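Okay, here's what each chain looks like letter by letter:
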Amino acid sequence: MNPYSGVGFFEFFGLLLQRLFSGEPMVSDEVQLAVLCCSAVACGLVGPFVVLKKMSLFANALSHTTLLGVACAFLLAGTTGMLLLGALISALLTAAITELLGRVFRLSADASIGLVFSALFALGIVVVTVWLRNAHLGVEAVLGHADALQRSDLTLALSLLGFNGVFVLVFHRQLTLVAFDENLGRTLGFSAVVWRVALFFLTALTCITAFRSVGVLVVLALLIGPYLTARLFCQRLGQLLLWTPVLGVTACLIAVAASRSVLSTTGVPLSTAGILSVVIGLQFAVAATVKSLSTRRTIC
Amino acid sequence: MTLVEYFTDPILRAPSIGCMLMCMTASLLGVVLFLQKKLLLSETVSHAAYPGALVGLIALALMGPEFEPYAFAAVLVGAFVFAWAGLWTVRFLEHRFRIHADAALGFSLALFFGFGVLLTSWVQAVFPLWSNQAETLLFGQAATLTDGHLWVYGILTAIVLTFVCACFRALQTLLFDRGSRRIEQAVQILLLLAIVVGIRSAGIILVAGMLIAPAVAARALARSLGPMFIWAAVFGALSGFLGNVLTTHVRLPTGPAIVLVSTGFALAALLVSPGRGLAFRFVRKYRFHLRCREENLLKELWKKGRMVRKGWVGFRLKQQGWVVREGQWLRLTEDGKTKAAGIVRLHRLWELYLTEQLGVEAVRVHRSAEEMEHILTPELEERLTKVLANPEKDPHAQPIPPRRP
Amino acid sequence: MVQADSLFVNYDRTAVLWDVTFSVPPGVLLGIVGPNGAGKSTLLKTLLGLVHPLSGNVSLSTGKIGYVPQRETVDWDFPITVLEVVLMGRYPRLRWWQRIRAADREAALHALTQVGMADLADRQIGELSGGQQQKLFLARALVQEPDVFFLDEPFAGIDLAAEKDIVQLLKQLRDQGKTIIVVHHDLPTVSEYFDWVLLLNTRLIACGPVAEVFHAENLRKTYGKTSPLFEEAVGLSAQKQSGL
């Protein structure tokens, strides 16, 4: 029996705190919260660089084309490892083809990205409907299955968080350099290609892992939203890398609590991923309103 | 199933014609966006339309199941309102908060779509009878289009075609130096309409793809705006039709089918277009280098008189009648001597031009002349001769062969 | 010393640099001038290794180079402070696991003092004026302690006071034996600012001491109507090479 059933919005947090220190095994709500929070922090560490390097729409493309990799991997074997590999390969393919189209055919960035992602996503749908005969995989890819998360998903999310955390901590200088002034980086002896690929790789990994929990589009919200909100009040990259995950986690907490309370009061199971997007949007709206009204310019 | 049946059969004709019309409309607008480098705007617009479409469905659902036939209209209206809101949000974020277009587009896209995800879950829980409709919004389902829908598609296509023809000049200025704001707004409204109407057949996720691939194909085949529009419309219509045909044979949603066909066209155009297509460029480069090798051999023969057989290049020269084989030697024919002299003339004329007219040092001109002797056209030769006043000696005091009679 | 040998750079169907050869000795303040589209920025980027020439080569007697790019190349909304930008110049000295040390901060502040911006160290770069932005880039280059400086249109759109400051600093660096190469757009100030000048219009017109090379004849060749024959021929060559 889920201790959270019937719980309202504010009681949720009370109960959560209680259970945090009680040492009881995690229930589905808590697993969901944990996975989402891990995804939020992982996205919050990478998001600032993605936005600053103007890669948001590319990240959007990546999250669509992941479907192809995942679908092909499903065909070959259904293990998580294979799925991850498949997704990584499709991410690499996306980047490589986009670059190729830009260089060889001199297509503009938006045309290359658009062409690649729609074609690869369409191929993914083909694989899914024709060979896998599982039309739902396509829909699920888009909508996510945040309301059916399990312990295995938590392990994955934690690993991603660990990897992102370490990577950003160690290499934040190089990432900042490639985001700020690539040419300078080259004259200083840093390879622009290596670090662009590193950033891309990090983004791909983040999208892929989070895609399983929240679906393709909410990943984007987690990458971009909290950063934009934090940016309203904070101007230093170092501190933004702290505030962005914090805002992301806050949004997750509110979303999960809201989802549970709606279920408790009306009996309607709403998509937590959807609620999360809306909360992220509201976060930004509130912060923006406060900023317009207040006289103080920045916090940090 | 014959081709004609796709247009006459009462079940098949609406999807066939509907898809054709929709893709044609989308591709025309795609050309405009492509040249403005704003293609991904369509992506944000389509994703922003998602919650709107759902709101339309929910409104009907609340009114009662007897309103289901009005779903198309409700979806259209809802989608339009929200798509417009999505666009407005992007502009607001850009101007009010100085957020870069890339992030503004991405954020707006994700937020609106996330809201749509939320609404979908509500529909699935509360109005399960309508949840099928909600799902087909994502990937489209042209197969169930009826003649009634065709009216809407037809009218929209007519509007866009009229707009493109009537405002052609204005569009040109828009694309080349940021013309009037009104034209830009008109284009955006038409974009909203095209996408919102197209959602029914192609689905939210891939309707943006309808705009992109035909525009890319058109660009590969045409340089100016008019022909680009025509090519895009042709490819658009073809992709729409063939994509729809594909769905009757393979159980695919319409969106992916059309996108795959149109991408195929785009790739083919990029590779094989006579102007900038990769294949032709490759061939041209190769043939140019071959010609350079042949002409270099001719020059060498001209200077040395005779040479040992030179394999394949020598063989080609023989075929073309510039050289003859005498035992193990190659010699120039009379024609060959004239041709070779012509090349040497170009070489030395260019050297003289560089030293005399452009003040380049004599030691440095040889390299450039080695390259230019294969490039200079008879017209350029004529102009060189005039500018240099019919010269007889090059900068190295070597005689310049006279002009060919 | 900076040396270029027969540089050819194409872009699509046009030649941007054509057979550019020159040699600049150390301790010289050189200005590159030419009309718009002459390839000045491209030349700078080719010297820096940011652009790969079709043929020809560049040789720099030193590996330590400082690059001051055009101000538009950077997004000034980036959430970073003045000091942090200057510190970027110290990155090559740090191993990937090392953090910024006191010595690095010291060096960065010293560079900022040299350009007169030490008091702005904690400012957001978005709050800087045009002249300050330029000085920031210069400080970033200074902190690397290079032997050669490359500046791309440093005086475009900045106030006169900042311009004078920068020129004075450049001359000081020149006196210390550094080679300084500047893409410049303002002809009247050439003789006042530079020792050497390089006149470029796709081709190298002249390169040498200002007194010798900066005269009406060369200026006419640089800024006058380019020979259409040359342009056509060279353009045709670029076209054929790329198969178009």
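Analysis parameters
- Residues numbered from 1 in each chain as written.
- Chains lettered and ligands numbered in written order.
- Predicted model: local features only at pLDDT ≥ 70, side-chain atom pairs only at ≥ 80, totals over all residues.
- Heavy atoms only, no water.
- Pairing = 2+ DSSP bridges.
- Helix = DSSP H or I, 4+ residues; strand = E, 2+ residues; numbered from the N terminus.
- Axes fitted to C-alpha atoms, helices over the stretch in contact; angles between N-to-C directions.
- Contact = heavy atoms within 4.5 Å.
- Salt bridge = Lys/Arg side-chain N within 4 Å of Asp/Glu carboxyl O.
- Polar contact = N/O pair within 3.5 Å; in protein donor to acceptor, adjacent residues only side chain to side chain.
- Nonpolar A, V, L, I, M, F, W, Y, C, P; charged D, E, K, R; others polar.
- Buried < 20%, exposed > 50% of the residue type's maximum accessible area, 1.4 Å probe, protein only.
- Domains from an automatic or database assignment.
- Buried area = accessible area lost by both parts, 1.4 Å probe.
- Phe/Tyr/Trp six-rings, centres within 6.5 Å; stacked < 30°, edge-to-face > 60°.
- 1 Å grid on protein atoms, 1.4 Å probe; cavity = no way out; pocket = protein on both sides within 12 Å on 5 of 7 lines; lining within 4 Å.
- Points joined across faces, edges and corners; volume = space filled by probe spheres on them.
- Arc of directions from axis to C-beta.
- Parallel < 35°, antiparallel > 145°, perpendicular 65-115°, else oblique.
- Left-handed = near helix turned anticlockwise from the far one by under 90°.

### Considering the sheet that holds strand β2 (residues 323-326) of chain B
Residues and elements named next belong to chain B. With respect to topology, three strands assemble into an open sheet ordered β1-β3-β2, the strand pairing being antiparallel. The open sheet has two free edges, formed respectively by β1 (306-308) and β2, since each of these has just one partner strand. On average, each strand axis in the sheet is tilted by 30° relative to the strand beside it, whichever way the strands run. Pairing geometry for β1 and strand β3 (residues 329-332), over three bridges, is antiparallel.

### As for the interface of chain B and chain C
Contact with chain B, which involves 27 residues of that partner, is made by 24 residues of chain C. C:Glu232 is paired through a salt bridge with B:Arg383; the nearest N and O atoms lie 2.9 Å apart. Remark: the boundary between chain B and chain C carries nine residue pairs in polar contact (both at pLDDT 80 or more). Among the elements of the structure, α13 (278-304), α15 (334-358), α16 (365-372) and α17 (378-387) of chain B are those that each provide at least two residues to the side of chain B that touches chain C. Of the residues contributing to the side of chain B that touches chain C, the split by class is 12 nonpolar, three polar and 12 charged.

### Some remarks on the environment of C:Ala118
All names here are of chain C. Summarising the element assignment, Ala118 is placed in the loop between α3 (102-114) and α4 (130-142). When its relative accessible area of 32% is taken as the criterion, Ala118 is described as partly exposed. Considering only alpha carbons, one finds Ala118 and Gln133, 15 residues apart in sequence, at a separation of 13 Å. Each residue touching Ala118, except ones within four places of it in the same chain, is listed here: Leu109, Leu112 and Thr113.

### Here we look at unusual backbone geometry
Positive phi, normally seen in glycine, also occurs at B:Arg98, with a value near 55°. By the secondary structure assignment, B:Arg98 is in the loop between α4 (71-97) and α5 (101-126). In this structure, C:Ser6 takes a positive phi of about 50° despite not being glycine. Tracing the chain through its elements places C:Ser6 in strand β1 (residues 2-11). Given a relative accessible area of 15%, C:Ser6 falls into the buried group.

### Side note on the domain arrangement of chain B
For chain B, the assigned domains read domain 1 (5-276) and domain 2 (283-387). One C-alpha centre belongs to domain 1 of chain B, the other to domain 2 of chain B; they are set 56 Å apart.

### Observations regarding the interface of chain B and chain A
Between chain B and chain A, the residue contacts involve 52 residues of the former and 52 residues of the latter. Between chain B and chain A, the buried area comes to about 4400 Å², and carbon and sulfur atoms account for 82% of it. Its largest share of buried area at the contact with chain A, chain B owes to B:Leu40, B:Asp102 and B:Phe107, together 14% of the area lost on that side. Scanning the region where chain B abuts chain A turns up eight residue pairs in polar contact (both at pLDDT 80 or more). Residue assignment for the side of chain B that touches chain A shows that the elements contributing at least two residues are α3 (40-63), α4, α5, α6 (131-139), α10 (204-221), α12 (254-272) and α13 of chain B.

### A few points about the packing of aromatic side chains
Within this structure, the stated rule accounts for 30 aromatic pairs over all chains. On the numbers, 5.5 Å between centres and 75° between planes, the contact of A:Phe284 with B:Phe107 is edge-to-face. Highlighted residues: A:Phe284 in helix α12 (residues 272-293) and B:Phe107 in helix α5, drawn from two different chains. We classify B:Phe107 as buried; its relative accessible area is 1%. With a centroid separation of 6.3 Å and 10° between ring planes, the pair formed by B:Trp350 and C:Phe230 is classed as stacked. With one member in each of two chains, B:Trp350 in helix α15 and C:Phe230 in helix α9 (residues 228-241) form a pair that bridges those chains.

### Focus on the layout of surface pockets
Here the second largest pocket defines a volume of roughly 770 Å³. Taken together, 27 residues line the second largest pocket, and the ones lying closest to its centre are A:Arg231, A:Gln235, B:Phe97, B:Arg98 and C:Asp77. Looking at the lining of the second largest pocket residue by residue, the classes come out as 12 nonpolar, six polar and nine charged.

### Some points on the pattern of salt bridges
Counted under the stated rule, the structure contains 32 salt bridges over all chains. For B:Glu295, the salt bridge goes to B:Arg291, with nearest N and O atoms at 3.1 Å. With B:Glu295 and B:Arg291 both in helix α13, this residue pair falls four residues apart, about one helical turn. Here B:Arg291 falls in the partly exposed class, since its relative accessible area comes to 30%. Among the ionic pairs, C:Glu217 bridges to C:Arg220, the shortest N-O distance being 3.2 Å.

### A closer look at α17(B)
Residue and element names in this part refer to chain B. Regarding α17, the residues found buried are Leu380, Glu381, Leu384 and Thr385. Projection of α17 onto a plane perpendicular to its axis shows the buried side chains occupying an angular sector of 140°, all on one side. Looking one or two residues past α17, Ala389 carries a phi angle of roughly 60°, positive in sign.

### A word on empty space enclosed by the protein
A water-sized probe rolled over the atoms picks out the places where empty space is left. All names here are of chain A. Evaluated as defined, the whole model comprises two cavities of 30 Å³ or more. Of the volumes computed, that of the largest cavity is approximately 70 Å³. As for the largest cavity, its lining consists of Val35, Cys38, Ser39, Leu149, Asp153, Leu156, Ala157, Leu160, Thr209, Arg212 and Ser213. For the lining of the largest cavity, the elements supplying multiple residues, two or more each, are α2 (28-52), α7 (151-180) and α9 (192-214). Looking at the lining of the largest cavity, the element that brings in the most residues is α7, giving four residues. Classifying every residue of the lining of the largest cavity by side-chain character gives six nonpolar, three polar and two charged. The computed volume of the second largest cavity comes to approximately 50 Å³. Taken together, Gln174, Leu177, Val178, Glu182, Gly185, Arg186, Phe190, Ser191, Ala192 and Trp195 make up the full set of residues lining the second largest cavity.

### Focus: the environment of C:Ala121
Tracing the chain through its elements places C:Ala121 in the loop between α3 and α4. Along the sequence, C:Ala121 and C:Ala162 sit 41 residues apart, while their C-alpha atoms lie 17 Å from each other.

### Some thoughts on the packing of α4(B) against helix α9 (residues 181-202) of chain B
Residue and element names in this part refer to chain B. Direction vectors running N to C along α4 and α9 enclose 140°, while the axes themselves pass 9 Å from each other. Of the possible angle classes, the one that applies to α4 and α9 is oblique. Seen along the crossing, α4 lies across α9 with a hand that is right-handed. On α9, the residues touching Phe72, Leu76, Ala79, Phe80, Ala83, Trp84, Leu87 and Arg91 of α4 are Arg181, Gln188, Ile189, Leu192, Leu193, Val196, Val197, Ile199 and Arg200. Looking at the contact of α4 with α9 residue by residue, the class counts come to 13 nonpolar, one polar and three charged.

### A look at the packing of helix α2 (residues 13-36) of chain B against α9(B)
Residue and element names in this part refer to chain B. It is at 9 Å that the axes of α2 and α9 come closest, and there the two elements cross at 140°. By the criterion of interaxial angle, the relationship of α2 to α9 is oblique. For the element pair α2 and α9, the recorded crossing hand is left-handed. In this structure, α2 uses Cys19, Met22, Thr25, Leu29, Val32, Leu33 and Gln36 to contact α9, whose residues at the interface are Glu184, Val187, Leu190, Leu191, Ala194, Gly198, Ser201 and Ala202. Along the lines of polarity and charge, the residues of the contact of α2 with α9 split into 10 nonpolar, four polar and one charged.

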